[in-house]
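Tertiary structure, described
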Amino acid sequence: MARTVIPFGPQHPVLPEPLHLTLTVEDEIVLEAIPKLGYVHRGLEKLAEIRDHTQMIQIVERVCGICSTLHAMCYCQGIEALMKVEIPPRARFLRVIWAEMHRMHSHLLWLGLFADAFGFESLFMQFWKIRERIMDLQEATSGNRIIVSVNCVGGVKRDIDAAAQQWILDTMKIVEKEVLQLKSTIMDDFTVKRRTVGIGVLSKEKAYEMGAAGPTLRASGIFQDMRQTGYAAYSELNFEPVVETDGDCYARTICRFNEVFQAIGLIREAFAKLPHSELAVKAKGLPNGEVISRVEQPRGECLYYLKGNGTKFLDRVRIRTPTFANIPALLEMLPGCDLADVPVLILTIDPCISCTER
Amino acid sequence: MKDSVIVLTEENTSELSPDRIISQIRTLKDEGFRFVTMSSTDLGESICVLYHLDKDLHLVTQKVEVPKGSKIPSICSIYASAFLIENEIKEHFGVDFDGLSLDFQGMLYLDEEVQKTPFCKIAIKRV
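Described below are features of the structure shown in this document.

About the thresholds
Residues numbered from 1 in each chain as written. Chains lettered and ligands numbered in written order. Predicted model: local features only at pLDDT ≥ 70, side-chain atom pairs only at ≥ 80, totals over all residues. Contact = placed C-beta atoms within 7 Å. Helix = DSSP H or I, 4+ residues; strand = E, 2+ residues; numbered from the N terminus. Nonpolar A, V, L, I, M, F, W, Y, C, P; charged D, E, K, R; others polar. Pairing = 2+ DSSP bridges. Buried ≥ 20, exposed ≤ 12 C-beta atoms within 10 Å, placed from the backbone. Core = buried A, V, L, I, M, F, W, Y, C linked by C-beta atoms within 7 Å. Axes fitted to C-alpha atoms, helices over the stretch in contact; angles between N-to-C directions. Expected span 1.5 Å × (residues − 1).

With 35 residues of chain A in contact, the opposing surface of chain B contributes 27 residues. Per-element accounting of the side of chain A that touches chain B gives the leading share, six residues, to strand β6 (residues 288–297) of chain A. Residues of the side of chain A that touches chain B, tallied by class, amount to 15 nonpolar, 11 polar and nine charged. Taken together, the four bridges between β6(A) and strand β1 (residues 5–8) of chain B define a ladder with antiparallel strand orientation. Its bridge partner being in β1(B), E290(A) is matched across the sheet by L8(B).

Residues and elements named next belong to chain A. Across the junction of G9 and P10, the peptide omega takes the value 0°, indicating a cis bond. In this fold, P10 is placed in the loop between β1 (4–8) and β2 (20–26). We note that E28 has phi near 65°; this positive angle belongs to a residue other than glycine. Along the chain, E28 falls in the loop between β2 and β3 (29–36). You can call E28 partly exposed: it has 13 C-beta atoms within 10 Å.

Here we take up the nonpolar core. Residue and element names in this part refer to chain A. Grouped together as the largest cluster of nonpolar side chains are 142 residues, with contacts concentrated most on Y75, V96, I97, I267 and L334. At 15 residues, helix α3 (residues 89–117) tops the list of elements feeding residues into this core. Residues contacting I267, with those up to four places away along its chain left out, are I97, E100, M101, I168 and M172.

In this section: the sheet that holds strand β3 (residues 34–42) of chain B. Residue and element names in this part refer to chain B. Strand order in this open sheet of four strands is β2-β5-β4-β3, and the pairing throughout is mixed. Of all the strands in the sheet, the pair left with one neighbour each is β2 (13–16) and β3. The average angle at which neighbouring strand axes cross in this sheet is 25°, direction not considered. As judged from the four bridges shared by β2 and strand β5 (residues 58–67), these two strands associate in the parallel manner. If you follow E15 over to β5, its bridge partner there is K63. Packed on one face of the sheet, helix α2 (residues 83–93) meets β3 and β4 (46–55) and runs near 5° to β3.

On to the environment of E91(B), then. All names here are of chain B. The residue E91 is located in helix α2 in this model. Assessed through the 22 C-beta atoms surrounding it within 10 Å, E91 is described here as buried. E91 sits 34 residues away from L57 along the chain, and the two C-alpha atoms are 30 Å apart. Sequence-distant contacts of E91, defined by excluding residues within four places in its chain, comprise G106, L108, Y109 and L110.

Next up on the list: the sheet that holds β3(A). All names here are of chain A. Taken in spatial order, the three strands line up as β1-β2-β3 in an open sheet, and their pairing is antiparallel. Looking at the sheet topology across the chains shown, the edges are occupied by β1 and β3. Each strand of the sheet is rotated relative to its neighbour by a mean of 25°, with strand direction disregarded.

Now for helix α4 (residues 121–142) of chain A. Residue and element names in this part refer to chain A. The terminal C-alpha atoms of α4, which comprises 22 residues, lie 31 Å apart, in line with the 32 Å expected from a rise of 1.5 Å per residue. Looking at the buried side of α4, the elements it contacts are α3 and α5 (162–187). Two residues or fewer after α4 comes G143, characterised by a positive phi angle close to 100°.

Here we come to the pairing of β3(B). All names here are of chain B. In terms of burial, β3 is largely enclosed, as nine of its nine residues are buried. Both β3 and β4 contribute to a ladder of eight bridges, which runs antiparallel. Along β4, the bridge assignment pairs T37 with H52. In textbook terms, the turn of a hairpin is the stretch between consecutive antiparallel strands, and for β3 and β4 this stretch comprises three residues, one of which, G44, has a positive phi near 105°.

Everything listed here is a matter of geometry and, on its own, says nothing about what the molecule does.
Structure (structure tokens):
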């Protein structure tokens, strides 16, 4: 049978953001996929030339709404290293708390989109309803539902008082119970398993070789998570990466599910160990030198390369986001799959195109 | 040693000449390093290209300085995933890569009518 070229995207019901793939198929089996990017490229890295290093925090927060605080944290970590600033202990723990809340809301958002990809609209609404609880917490503690904007060079700008802490802990109990109820609904469902088990397998060797990141990497059996490096307060928390071994769409989903529960545990532990101290220290001087900062975003390892020249403007802000790393791995997964499986497969790498293109 | 924040110094950054890129990157791959990404900066007269590779959460950086508008070997034959960032560097900084597995001809993000490399302080006209 002749080969057919089918355009996937940039507009597609399953894609939250525009991504184009040129799929070459034969008998509805994908042979090749070629990506085309650039639909949401905003040139944010170039803004570093005309925004000083403190203004850049607001820019990097807006690289992506879903992992906003982690972008800011990664950036601030790098600047703090260049300026030799050590942030107070309370700020380290508060960064972890907001980061894990972001991770939860990101994974719940994805789980909703995942359910919607099957046409399971009611489950999509259930997940997003649970997610609203996290958004309320973020709004109450920072003033914003999405771009929480709590990080600054030297620490954090806001505190979480005792009343908010109790509210968060109470909400964690509710979210944990609700997500647990939904887990069996989706993960034990015959149809969901037929659509995900054995689909889009990325072997352990290929995942490592293709430089995959985050749940896409860990679902293939690689025991690696940037939080193991102990940045912020992770060195003082009991943290082990969530790993699955099958490397298929089902494993990637299980990974994200379990990371929601892990995030709840980390938030509880962070609150239990939250020390009393100031929230931020004054960062004196200007950044000079080169630094690489890495954090674990909900989608995986995010790397910032920052170069300062002793002035208030940075020479370079280079951002490598996890979806950028996972796209080559996706192109490795697609060949051999059915055309009907392509939307779900693409969704299981949790693509964030605004992160990818910046 | 696990690194989340690394200040680059002469001690932890290896300088390479363009003709040693392939051999050094291949050596690192054989030692079990995975490809993380590449970064690039405009130094005025030249472009600095950094290769970041990781093993067990330990990041190493290899630095290459090349004249503007020059061509260096692509590492796609070693790390297939490098094609995306090499295309980005080609588009933004004008450094061409010899042996790119998938070449977007400078149109990964930017439209055809964008003729100059936007990240260069003194831009290079794109061929």
